[in-house]
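Reading the structure
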Amino acid sequence: GGSHATGADATGCALGRPERRAGRGNPHATGADAVVFAAGAGPGSGVERKDTVDRAAAAVRHHYDVGNEFYALWLDPSLTYSCALRASADDTLEVAQERKLRYHLDAVGADAATRVLDIGCGWGAILKRLSDKGVAATGLTLSPAQAEHVRTAGWPGVEVRTEHWVQYEPAE
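Residues numbered from 1 in each chain as written. Predicted model: local features only at pLDDT ≥ 70, side-chain atom pairs only at ≥ 80, totals over all residues. Heavy atoms only, no water.

Glancing now at the overall build of the protein chain. Within the protein chain, the regular secondary structure consists of five helices and seven strands. The secondary structure elements of the protein chain, listed N-terminal to C-terminal, are β-β-β-β-α-α-α-β-α-β-α-β. Buried positions account for 44% of the 172 residues belonging to the protein chain. Sequence separation of 24 or more characterises 45% of the internal contacts of the protein chain that already satisfy a separation of 6 or more. As displayed, the protein chain offers around 8,900 Å² of accessible surface, 55% of which is attributable to carbon and sulfur atoms. (Helix = DSSP H or I, 4+ residues; strand = E, 2+ residues; numbered from the N terminus. Buried < 20%, exposed > 50% of the residue type's maximum accessible area, 1.4 Å probe, protein only. Contact = heavy atoms within 4.5 Å. Areas by Shrake-Rupley, 256 points an atom, 1.4 Å probe, with all protein chains shown as cover.)

Structural data, given as structure tokens:
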């Protein structure tokens, strides 16, 4: 399975424990090194049951599929919908969000990965940064509107799927 939330960083964000998977003998790894991000997911979380998966998908669609334009009104340009990491009171939301994204990518060494799985990818802020570095990435979201946003962006090396992480099977 994926990794799970293990605490919070200085920003108050739940930190997903990245899991590095060796490609040999692991059906989920693609390439020599894969990094998996997940928050609030993992063994014992109860999301393995189909009814829970269906409820989660319905809740995400209700919350996020109100229109990407709505979120663009008040989120930063990357549409990062989570806490930010401010270094000073003068930081704009955009600068603080970029710092937070870089913090998480650096923490797991994503730039050196062959492929990254981003569970709960939202509008693809992490996926875009990985694409910019030439790292192949797959994003999972339960929101068709978010998935369409990522697809429309056309970032090289990025695939997005509208599926729950427990249903994920990597493409070979």
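Okay, back to it.
Attention now goes to the environment of W123. Within the secondary structure, W123 is located in the loop between β5 (115-119) and α4 (125-132). Counting along the chain gives 23 residues from W123 to Q146, while the straight-line C-alpha distance between them is 5.0 Å.

Its place among the elements puts T138 in strand β6 (residues 136-141). Under the relative-accessibility criterion, T138 is labelled buried at 1%. Separated by 2.6 Å, the side chains of T138 and R115 make a polar contact. In this view, T138 contacts R115, V116, L117, D118, L127, E159, R161 and Y168; residues no more than four positions away in its chain are not counted. (Polar contact = N/O pair within 3.5 Å; in protein donor to acceptor, adjacent residues only side chain to side chain.)

As a further point, take the nonpolar core. If you look at soluble globular proteins, the nonpolar side chains tend to sit buried side by side. By size, the foremost hydrophobic cluster in this structure holds 17 residues, and its most contacted members are A110, V116, L127 and L130. Within the residue set of this core, elements represented by two or more residues are α3 (93-107), α4 and α5 (144-153). Residue contributions to this core peak at four residues, all from α4. Other than its neighbours up to four places away in sequence, L127 contacts D118, C121, A137, T138, G139, V150, W155 and V158. The next biggest cluster of nonpolar side chains, apart from the first, holds five residues, and it includes I119, L140, W165 and Y168. (Core = buried A, V, L, I, M, F, W, Y, C linked by side-chain atoms within 4.5 Å.)

Let us look at the environment of Q97. Within the element layout of this structure, Q97 appears in helix α3. Here Q97 falls in the buried class, since its relative accessible area comes to 2%. Separated by 15 residues in sequence, Q97 and S82 place their C-alpha atoms 8.4 Å apart.

On to the pattern of salt bridges. Pairing between side chains becomes possible if they bear opposite charge and their charged atoms approach one another. Evaluated as defined, the whole model comprises eight salt bridges. We note a salt bridge from D111 to R102, for which the minimum N-O separation is 3.0 Å. Since its relative accessible area comes to 36%, D111 is described here as partly exposed. Several salt bridges converge on common partners, so that one network encompasses R115, E159, R161 and E163. (Salt bridge = Lys/Arg side-chain N within 4 Å of Asp/Glu carboxyl O.)

Of all eight residues in α4, six are buried, a share of seventy percent or more. Of the positions making up α4, those classed as buried are A125, I126, L127, R129, L130 and S131. Where α4 is buried, its residues contact α3, β5, β6, α5 and β7 (158-162).

With that settled, the discussion passes to the side chain of T141. Relative to the elements of secondary structure, T141 occurs in strand β6. With relative accessibility at 4%, the residue T141 sits in the buried group. A polar contact is formed between the side chain of T141 and the backbone nitrogen of S143, at a distance of 3.1 Å. In this structure, T141 is in contact with C121, Q146, A147, V160, R161, T162 and E163, ignoring residues within four places of it in sequence.

In this section: the pairing of β7. Summarising the sheet, β6 and β7 pair through five bridges and their orientation is parallel. If you follow T138 over to β7, its bridge partner there is E159. Running through α5, the crossover from β6 to the neighbouring parallel element β7 is right-handed. (Pairing = 2+ DSSP bridges. Right-handed = clockwise from strand over helix to strand, strands pointing away.)

These figures capture arrangement, not role.
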